[in-house]
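Chain and residue survey
Each chain, letter by letter, is given below.
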Amino acid sequence: VQLQASGGGLVQAGGSLRLSCVASEDTVSSNTMAWFRQAPGKERKFVATIAWTGAVTHYAASVKGRFTISRDIRENTVYLQMNGLTPDDTAVYYCAAARRKFWVISTLAADFGSWGQGTQVTVSS
């Protein structure tokens with residue numbers, strides 16, 4: 001499985017960005033997908049996940065109500081719409097695919113076996 005993330009950039013506080021993650025094969029329709037982020041000097045943290053069915057999503061408390069994860073199975077792409085960005089959202093954002101197909105959603109990085117290269121999001125105050 002190959003994942004290619006894009007869409008990061010520099011934005012002012014209160015602004016928006018949409019991240020995209022293009023996956024190989026039929027990954028998005030058969031794997032739970034997720035976004036994680038890692039700020040400088042900090043551990044990688046869960047941001048959002050969407051089940052392989054597309055019917056269930058889950059968010060970290062810090063982004064709930066501001067971020068939306070979605071997918072397009074025809075394009076084999078997962079998106080992360082980020083609104084109301086703050087400097088605390090500054091990080092490298094990684095998309096990930098679950099290790100096992102047709103698996104439940106998870107917030108644990110260990111449950112995801114394929115990772116994109118990351119895309120930098122910087123929010124200025």
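As a reminder, the structure under discussion sits directly above these lines.
Residues numbered from 1 in each chain as written. Predicted model: local features only at pLDDT ≥ 70, side-chain atom pairs only at ≥ 80, totals over all residues. Heavy atoms only, no water.

1. With respect to the overall build of the protein
- When you go through the protein residue by residue, the secondary structure sums to one helix and 11 strands.
- Seen in sequence order, the protein has helices and strands lined up from the N terminus as β-β-β-α-β-β-β-β-β-β-β-β.
- Taken against the 2.2 N^0.38 rule, which gives 14 Å for 125 residues, the C-alpha radius of gyration of the protein at 13 Å falls within 12% of a compact globule.
- Considering only C-alpha atoms, the protein reaches an extent of 40 × 25 × 25 Å along its principal axes.
- Per-residue burial for the protein yields a buried fraction of 46% across its 125 residues.
- Summing over all exposed atoms, the protein offers an accessible surface of approximately 6,400 Å²; the carbon and sulfur share of this is 50%.
- Within the protein, one finds 12 positive and 8 negative side-chain charges whose respective centroids are separated by 4 Å. (Helix = DSSP H or I, 4+ residues; strand = E, 2+ residues; numbered from the N terminus. Rg over C-alpha atoms; globule rule 2.2 N^0.38 Å. Buried < 20%, exposed > 50% of the residue type's maximum accessible area, 1.4 Å probe, protein only. Areas by Shrake-Rupley, 256 points an atom, 1.4 Å probe, with all protein chains shown as cover. Lys, Arg positive; Asp, Glu negative; His and termini not counted. Charge placed at Lys NZ, Arg CZ, Asp CG, Glu CD.)

2. Observations concerning the pairing of strand S1 (residues 3–6)
- Burial of the side chains of S1 is restricted to one face: Leu3 and Ala5 are buried, whereas none of Gln4 and Ser6 on the reverse face is.
- Sheet analysis places S1 next to strand S3 (residues 17–23), joined by four bridges and oriented antiparallel. Its bridge partner being in S3, Gln4 is matched across the sheet by Val22. (Pairing = 2+ DSSP bridges.)

3. Side note on the sheet that holds S3
- Strand order in this open sheet of four strands is S1-S3-S8-S7, and the pairing throughout is antiparallel. Looking along the sheet, the strands with just one partner apiece sit at the ends: S1 and strand S7 (67–72). Shown here is a sheet whose adjacent strand axes are inclined to one another by a mean of 15 degrees, direction ignored. (Axes fitted to C-alpha atoms, helices over the stretch in contact; angles between N-to-C directions.)

4. Side note on the pattern of salt bridges
- Scanning the entire structure with this criterion turns up four salt bridges.
- Taken together, the salt bridges that share partners define one network made up of Arg37, Arg66 and Asp89. (Salt bridge = Lys/Arg side-chain N within 4 Å of Asp/Glu carboxyl O.)

5. Considering the side chain of Thr49
- Residue placement: Thr49 occurs in strand S5 (residues 45–50).
- Only 2.8 Å separates the side chain of Thr49 from the backbone oxygen of Met33, close enough to count as a polar contact. (Polar contact = N/O pair within 3.5 Å; in protein donor to acceptor, adjacent residues only side chain to side chain.)

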